[in-house]
Protein chains: 2
Amino acid sequence: MIKLSKKIEYGILALQYIAIHSDKIISAKEISEQMGIPYEFLSKTLQQLMKKGLIQSQQGIKGGYVLSKKPSDLTVKDIIIALEGKASFLDCFVSSKGLVCDRSPNCTIKNPMERLQSKVMQVFGTTTIEEIAAN
Amino acid sequence: MIKLSKKIEYGILALQYIAIHSDKIISAKEISEQMGIPYEFLSKTLQQLMKKGLIQSQQGIKGGYVLSKKPSDLTVKDIIIALEGKASFLDCFVSSKGLVCDRSPNCTIKNPMERLQSKVMQVFGTTTIEEIAAN
DNA sequence: ATTATATCCGACTATTGTAATCCGATTTTT
DNA sequence: AAAAATCGGATTACAATAGTCGGATATAAT
């Protein structure tokens, strides 16, 4: 299905929340309670965003997360790639050289689908957290 | 994941094949063999596309499928909606009035996500089978 | 008429991916 | 030392996708 996963949904919600409350450091617990997101799952998601450098973490009591970049420099595309590693419509595009799809190299939809995908990615790449936070 | 399902992939491949060979009626078997798609699964998909009026069928020996519309009037969006009933990123947008998401009506990402979705849908809605068949 | 080849249709199964949970370890402030 | 937070792996539960099976119906050719 052409649907965003819960992980990405939670990621967007969390980053939006952190962006709005950028004056202080935000814990996973606070986001979980305020946004109604399962704590454990959210923690995993935040850790993943932290590993990919989208946010920075502070351990220990009074710890939490802050954004690494300005909300205007943080796009939905960044979030998708951080949380799913790739962002490809069909298996054909997963690896740029290693062709996975069994129709390759004579796949009749590879080129047009690649064009379609890059158009969609451009939409994701130009939608920022700043814009989302502004509503 | 932001991925197209196999059903949609097969649907696009099949419609492309039918569009290219529009001089004759095309059976599911032929598409299955030529495109390397599981026959039973493809049949189901074609029947679904037929029910939604994207293609027309002819039963019996020498039967098969032809397009209902011109390839230039048939979009990827049409195919997604025909095969998945909806085309929405988050559960919020499934029903226009009945709010499904538990954050509603105070969801902080509903509006921006709705805008994002309509942009993506516009991309799908302007990508035609004709364009895909042309490669 | 019979046969061959096709669509049609529902039910079923197998596999995969998502979503969520559990448990413990580490870090840091109080 | 205790409390509150991040870290991290392993595991489970559930849902959706992908694929299969068996039979019914339709139609053209023989």
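Quick caveat: nothing in here was measured; it's all calculated off a predicted structure. (Residues numbered from 1 in each chain as written. Chains lettered and ligands numbered in written order. Predicted model: local features only at pLDDT ≥ 70, side-chain atom pairs only at ≥ 80, totals over all residues. Heavy atoms only, no water.)

Participant: Can you walk me through the interface of chain A and chain B in this structure?
Facilitator: How big an interface is tends to be expressed through the accessible area that disappears when the partners come together. Facing the 36 residues of chain A at the interface are 37 residues of chain B. Taken together, chain A and chain B are joined by 0 salt bridges. Summed over the shared surface of chain A and chain B, the number is 6 residue pairs in polar contact (both at pLDDT 80 or more). At the level of secondary structure, the elements contributing two or more residues to the side of chain A that touches chain B comprise helix 1 (6-20), helix 4 (76-84), helix 5 (110-125) and helix 6 (129-134) of chain A. It is helix 5 of chain A that contributes the most residues to the side of chain A that touches chain B, 9 residues altogether. The residue makeup of the side of chain A that touches chain B, split by class, is 19 nonpolar, 7 polar and 10 charged. (Contact = heavy atoms within 4.5 Å. Salt bridge = Lys/Arg side-chain N within 4 Å of Asp/Glu carboxyl O. Polar contact = N/O pair within 3.5 Å; in protein donor to acceptor, adjacent residues only side chain to side chain. Helix = DSSP H or I, 4+ residues; strand = E, 2+ residues; numbered from the N terminus. Nonpolar A, V, L, I, M, F, W, Y, C, P; charged D, E, K, R; others polar.)

Participant: Would you mind showing me how to read the relation of the copies chain A and chain B here?
Facilitator: In summary, the two copies of the chain are related to each other by a rotation about an axis coupled with a shift along it. Mapping chain A onto chain B is achieved by rotating through 180 degrees and translating by 0.0 Å along the same axis, at an RMSD of 0.1 Å. What we have between these two chains is a two-fold relation. The fraction of interface residues of chain A whose copies in chain B are also interface residues reaches 100%, indicating that both copies meet through the same surface. (Least-squares fit on C-alpha atoms with pLDDT ≥ 70 in both.)

Participant: Help me understand the protein's contact with DNA strand C in this model?
Facilitator: Within the structure, DNA strand C sits among 27 residues, and A:K6, A:Q59, B:A28, B:K44 and B:S57 are positioned closest to it. Among the atoms of DNA strand C close to the protein, meaning within 4 Å, 69% are from sugar or phosphate groups. Contacts to DNA strand C include A:Q59, whose side-chain N or O atom sits 2.6 Å from a sugar or linking oxygen. Between DNA strand C and A:G60 there is a distance of 3.3 Å, counted from a base oxygen to a backbone nitrogen or oxygen. (Near = heavy atom within 4 Å.)

Participant: Looking at this structure, I do not really get the packing of aromatic side chains. What am I missing?
Facilitator: Aromatic ring pairs are described here by two measures, namely the spacing of the ring centres and the angle between the planes. Residues and elements named next belong to chain A. Using the criterion set out here, one finds 2 aromatic pairs over all chains in the structure. Look at Y10 and F41: their rings are 5.6 Å apart centre to centre, the planes differ by 80 degrees, and that puts the pair in the edge-to-face class. Placement of Y10 in helix 1 and of F41 in helix 3 (residues 39-51) is noted, with a sequence separation of 31 residues between them. (Phe/Tyr/Trp six-rings, centres within 6.5 Å; stacked < 30°, edge-to-face > 60°.)

Participant: Which parts of the structure should I look at to understand the protein's contact with DNA strand D?
Facilitator: With respect to spatial proximity, 28 residues lie near DNA strand D, and among them A:A28, A:Y39, A:K44, A:S57 and B:Q59 are the closest. Put simply, 70% of the atoms of DNA strand D that lie within 4 Å of the protein are in sugar or phosphate. Contact between DNA strand D and A:S57: a phosphate oxygen at 2.4 Å from a side-chain N or O atom of the residue. Of all the elements in the fold, those that place two or more residues in the surface near DNA strand D are helix 2 (28-35), helix 3, strand 1 (55-58) and strand 2 (64-67) of chain A together with helix 1 (6-20) and helix 3 (39-51) of chain B. Each residue belonging to the surface near DNA strand D can be placed in one class, and the counts come to 10 nonpolar, 11 polar and 7 charged.

Participant: What am I meant to see in helix 4 of chain A here?
Facilitator: Residues that lie three or four places apart on an α-helix share one face, since the helix turns once every 3.6 residues. Among the residues of helix 4 of chain A, A:V76, A:I79, A:I80, A:A82, A:L83 and A:E84 are the ones counted as buried. The arc that holds every buried residue of helix 4 of chain A, seen down its axis, measures 165 degrees, which confines them to one face. In the core, the buried residues of helix 4 of chain A are packed alongside helix 1, helix 3, helix 5 and helix 6 of chain A together with helix 5 (110-125) of chain B. Just downstream of helix 4 of chain A lies A:G85, where phi reads positive at about 75 degrees. (Buried < 20%, exposed > 50% of the residue type's maximum accessible area, 1.4 Å probe, protein only. Arc of directions from axis to C-beta.)

Participant: Just to check I follow, could you spell out the pattern of salt bridges for this structure?
Facilitator: Two side chains bearing opposite charge may form a pair once their charged atoms approach each other closely. Residue and element names in this part refer to chain B. Enumeration over the complete set of coordinates arrives at 10 salt bridges over all chains. A salt bridge links E9 to K6; its shortest N-O distance comes to 3.6 Å. Of this pair, E9 and K6 both sit in helix 1, 3 residues apart, which is roughly one turn of that helix. Look at E9 and you get buried, because its relative accessible area is 4%. For K6, a relative accessible area of 37% gives the class partly exposed. When the shortest N-O distance is used, the salt bridge between E33 and K29 registers 3.8 Å. Pair noted here: E33 and K29 are both in helix 2 (residues 28-35), with a separation of 4 residues, about one helical turn. Residue K29 is classed as exposed on the basis of its relative accessible area of 51%.

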